[in-house]
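This is what each chain is made of:
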Amino acid sequence: GHRDMEIISYVLDGALEHADSMGTRSVIRPGEVQRMSAGTGVRHSEYNASRQDPVHFLQIWVLPRERNLPPGYEQKRFDDAEKRNALRLVASPDGRDGSVTIHQDVDLHAALVEPGAAVTFTRRPDRHVWLHVARGQVRVNGELLAAGDAVATHDEDTLHIEGAGPAGPAEVLVFDLG
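Quick caveat, the model's predicted, so the values are computed rather than measured.

Trainee: Even after reading the chapter, I still don't get the environment of N68, so can you show me in this structure?
Mentor: With respect to the secondary-structure elements, N68 resides in the loop between strand 6 (56-62) and strand 7 (72-77). In the structure, N68 is positioned 50 residues away from H18 in sequence and 22 Å away in space, judged by C-alpha atoms. The contact partners of N68, leaving out residues within four places of it in the chain, are R3, D4 and T40. Here the side chain of N68 touches R3 through a polar contact of 2.8 Å, side chain to side chain.

Trainee: Where do I start with the pattern of salt bridges in this structure?
Mentor: In a structure, side chains of opposite charge can pair up when their charged atoms sit close to one another. Under the criterion given, the structure shown has 18 salt bridges. Here R135 ties to D13 by a salt bridge, and the two come within 3.2 Å at their closest N and O atoms. Here the residue R135 occupies a position in strand 12 (residues 128-135), and D13 occupies one in strand 1 (residues 6-13), the gap between them amounting to 122 residues. Two residues, D105 and R127, come together in a salt bridge whose shortest N-O distance is 2.8 Å.

Trainee: For this particular structure, what's the right way to read the sheet that holds strand 8 (residues 88-92)?
Mentor: To summarise the sheet geometry, strands pair through backbone hydrogen bonds and adopt either a parallel or an antiparallel arrangement. Taken in spatial order, the six strands line up as 9-8-10-17-12-15 in an open sheet, and their pairing is mixed. Every other strand in the sheet has two partners, leaving strand 9 (100-101) and strand 15 (150-153) as the edge strands with one partner each. In this sheet, strand 17 (residues 170-177) lies alongside strand 10 (residues 106-113) in antiparallel orientation, the contact comprising eight bridges. Counterpart to D107 in the pairing with strand 17 is D176.

Trainee: Mind showing me how you'd approach the sheet that holds strand 2 (residues 16-20) here?
Mentor: With antiparallel pairing, three strands are arranged side by side in an open sheet as 3-2-5. Because the sheet does not close on itself, it has two edges, and the strands there are strand 3 (25-28) and strand 5 (44-48). The sheet shows a mean angle of 20° between the axes of neighbouring strands, direction not considered.

Trainee: What is the right way to read the environment of A134 from this model?
Mentor: Mapped onto the secondary structure, A134 falls in strand 12. Sequence-distant contacts of A134, defined by excluding residues within four places in its chain, comprise L12, H56, L58, A147, E171 and V172.

Trainee: I would appreciate a short explanation of the nonpolar core in the present structure.
Mentor: Most often, soluble globular proteins keep nonpolar side chains buried together rather than apart. Grouped together as the largest cluster of nonpolar side chains are 18 residues, with contacts concentrated most on I8, Y10, V33, L108 and L173. At the level of secondary structure, the elements contributing two or more residues to this core comprise strand 1, strand 6, strand 8, strand 10 and strand 17. Every residue in contact with V33, bar those within four places of it in the chain, is listed here: I8, S9, Y10, E74, Q75, K76, F78, V90 and V100. Membership of the second largest hydrophobic core comes to 15 residues, among which are A111, L131, L145 and V174.

Trainee: Sorry if this is basic, but what is going on with unusual backbone geometry here?
Mentor: Excluding glycine, a negative phi dihedral is what most residues carry, and trans is how most peptide bonds are arranged. Even without glycine at this site, D4 takes up a positive phi of about 45°. Here D4 shows up in the segment before strand 1. Even without being glycine, D126 reaches a positive phi, approximately 60°. Turning to its location among the elements, D126 is positioned in the loop between strand 11 (118-122) and strand 12.

Trainee: I tried to follow the side chain of D176 on my own but got confused; where do I start?
Mentor: Within the secondary structure, D176 sits in strand 17. A distance of 2.8 Å separates the side chain of D176 from the side chain of R124, its partner in a polar contact. Non-local contacts of D176, meaning those with residues more than four positions away in its chain, are made with D105, V106, D107, F121, R124, R127 and H128.

Cut-offs used in this document
Residues numbered from 1 in each chain as written. Predicted model: local features only at pLDDT ≥ 70, side-chain atom pairs only at ≥ 80, totals over all residues. Heavy atoms only, no water. Helix = DSSP H or I, 4+ residues; strand = E, 2+ residues; numbered from the N terminus. Contact = heavy atoms within 4.5 Å. Polar contact = N/O pair within 3.5 Å; in protein donor to acceptor, adjacent residues only side chain to side chain. Salt bridge = Lys/Arg side-chain N within 4 Å of Asp/Glu carboxyl O. Pairing = 2+ DSSP bridges. Axes fitted to C-alpha atoms, helices over the stretch in contact; angles between N-to-C directions. Core = buried A, V, L, I, M, F, W, Y, C linked by side-chain atoms within 4.5 Å. Buried < 20%, exposed > 50% of the residue type's maximum accessible area, 1.4 Å probe, protein only.

By themselves, these figures tell us nothing about what the structure is for.
If you want it as structure tokens, here you go:
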């Protein structure tokens, strides 16, 4: 059981089965983003949807901007083409551009950056940025990062993210934090 938490599930490989006390049952697959607001309280479980294949996913926990919100759930699919060598907004406070709605001043972008290609993220004034490499390798402002590495900044105005891995595109998440 959880309360007062925004929980974002992001599947990289396999399938993650979700069930909760709101009556929600779903399977989350690569390309899908799920947001569950625990709010006043919710019980939930996630587990591998397959008995044969592994599941690899990220679960991101964010404190909501206010306590005791009603529990809620949202899940959306974002095609790889939308993220290929581009930053695709997948979560935001207002659900703009088809993103899932998160109850906090956070914009979450996802990108698939191919080797030799690059995307640029420009930090807005008075914001913080957290970049997480979910898979592959990238160079961020010249620094080589691999899967599991991250960068936090509040003073770099621009992050130049270049695909650097030999084995296909890197997958990165960029958090624009208020």
